[in-house]
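Structure at a glance
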Amino acid sequence: MRNIIISAFTLFMTSTVFAQGKYFLSYEVSENEWDTGVAVVSGAVLDDDDNGYAILGGIHLNENLDIELGYKDFGEASLSGASGNQFTYEGTTYEFITTATITMEGDAYLLGIKPKYKLSENLSLYGRLGISLWDVTLGVATGTSSGNVDDDGKDTYYGLGIQGNFGGLDFSLAHSRYEFDFDEVGSNALSVSYTLNF
C-alpha cells in the first residue's frame with residue numbers, strides 16, 4: 001500500500017508539477033509528545049517527549065491549496081522502573097517485577113492536503129489533513145534480555161500552522177496530531193521550505 005501511494009504520487013508530481021512549474025521541498029524539526037495512556041503511580045519514570053524530524057515534498061496546486069508527501073520520525077517514549085515500581089495504563093495498575101525499560105518509537109509516511117489562507121503578502125495560515133502509514137516498535141529491555149514487537153497501520157493526521165516568506169524561503173510553525181490506533185502523538189514543529197519554479 002505504501003509503495004502504491006508513493007508511486008502514484010511520484011507519477012502525479014512528474015506530470016503535474018512540471019506542467020504547472022511549482023513544487024516545494026521542506027525540512028522540519030519537531031518536539032513530539034506521545035499520548036500513550038500511561039500514568040506513573042509509584043517510582044517508575046515516564047519520558048513521553050522526544051525530538052523528531054520530517055522531510056516533505058509537494059505541489060503548490062494554487063495559492064490556496066498544496067498537496068504534501070513525506071516521511072516523519074517521531075522519536076521515542078520510554079517507561080523505566082525497578083522491581084516493585086507501579087504504573088497505570090488506561091486505568092489498570094501494573095507492577096514491575098524486575099528492573100526494565102519499555103520503549104515505544106515510531107515513524108510514518110504522510111500524504112495529505114494543505115489548505116491555505118493568505119493574511120498578507122508574506123504571511124499565511126494553513127491547515128493539514130491527511131493519511132499516515134505508520135510503523136511503531138514496542139521494546140522491552142531488562143538487565144539480561146530484550147525483545148520488541150512491531151505494529152503498523154493507517155490513520156489520519158491533522159494540524160494548523162502559520163507560514164511566512166522571507167528571502168525566498170518559507171518558514172512555518174505548526175501543531176499537528178498523528179493517530180496510531182489507540183495512541184497519538186502531538187507535534188510542535190518548525191520547518192523551512194524552498195519552492196522551485198520552472
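Note that this is a predicted model, so its numbers are computed, not measured.

1. Description of the overall build of the protein chain
Tallying secondary structure elements over the protein chain gives 1 helix and 12 strands in all. Secondary structure of the protein chain in N-to-C order comes out as α-β-β-β-β-β-β-β-β-β-β-β-β. Expressed as a percentage of the 198 residues in the protein chain, the buried residues total 39%. Across the protein chain, contacts joining residues at least 24 apart in sequence account for 62% of those joining residues at least 6 apart.

2. Regarding the pattern of salt bridges
Pairs can form between side chains of opposite charge once their charged atoms are near each other. Inspection of the entire model under this criterion finds 4 salt bridges. A salt bridge links Glu68 to Arg128; the nearest nitrogen and oxygen atoms lie 2.9 Å apart. Of the two residues, Glu68 sits in strand β5 (residues 65-81) while Arg128 sits in strand β9 (residues 123-142), which places them 60 residues apart along the sequence. Arg128 shares its class with Glu68; the two are buried. One salt bridge connects Arg177 with Glu184, and the closest N-O pair in it is separated by 2.8 Å.

3. With respect to the confidence of the model for the protein chain
Overall, the prediction assigns the protein chain a mean pLDDT of 88, with 89% of residues at 70 or greater. Element-level pLDDT for the protein chain is lowest in helix α1 (residues 2-20), with a mean of 47, against a maximum mean of 96 in β9. Note that residues 4-9 has pLDDT below 50 and, in this model, 8 contacts with residues that lie over four places away or in other chains. Taken as a whole, residues 11-19 scores under 50 in pLDDT and shows 10 contacts with residues more than four places along the chain or in a different chain.

4. Points about the side chain of Glu68
Of the residues examined, Glu68 reaches a relative accessible area of 3% and is grouped as buried. A polar contact of 2.9 Å, which involves the side chain of Glu68, links it to the side chain of Tyr157.

5. Some remarks on the packing of aromatic side chains
Within this structure, the stated rule accounts for 12 aromatic pairs. Relative to Phe180, the ring of Phe74 has its centre 5.2 Å away and its plane inclined at 85°; by these criteria the two rings are edge-to-face. Pair noted here: Phe74 is in strand β5 and Phe180 is in strand β11 (residues 169-180), with a separation of 106 residues, a long-range link. Assigned by exposure class, Phe74 and Phe180 land together as buried. With a centroid separation of 5.5 Å and 20° between ring planes, the pair formed by Tyr157 and Tyr178 is classed as stacked. Here the residue Tyr157 occupies a position in strand β10 (residues 146-166), and Tyr178 occupies one in strand β11, the gap between them amounting to 21 residues. Three or more aromatic residues joined by ring pairs form one cluster here, namely Trp34, Phe74, Trp134, Tyr157, Tyr178 and Phe180. The ring of Phe24 has Lys114 lying over it, and the distance from NZ or CZ to the ring centre is 5.7 Å. Across the ring face of Tyr126, the terminal group of Lys114 is positioned such that the distance to the ring centre comes to 4.4 Å.

Cut-offs and rules
- Residues numbered from 1 in each chain as written.
- Predicted model: local features only at pLDDT ≥ 70, side-chain atom pairs only at ≥ 80, totals over all residues.
- Heavy atoms only, no water.
- Helix = DSSP H or I, 4+ residues; strand = E, 2+ residues; numbered from the N terminus.
- Buried < 20%, exposed > 50% of the residue type's maximum accessible area, 1.4 Å probe, protein only.
- Contact = heavy atoms within 4.5 Å.
- Salt bridge = Lys/Arg side-chain N within 4 Å of Asp/Glu carboxyl O.
- pLDDT = per-residue confidence, 0-100.
- Polar contact = N/O pair within 3.5 Å; in protein donor to acceptor, adjacent residues only side chain to side chain.
- Phe/Tyr/Trp six-rings, centres within 6.5 Å; stacked < 30°, edge-to-face > 60°.
- Lys NZ or Arg CZ within 6 Å of the ring centre and 35° of its normal.

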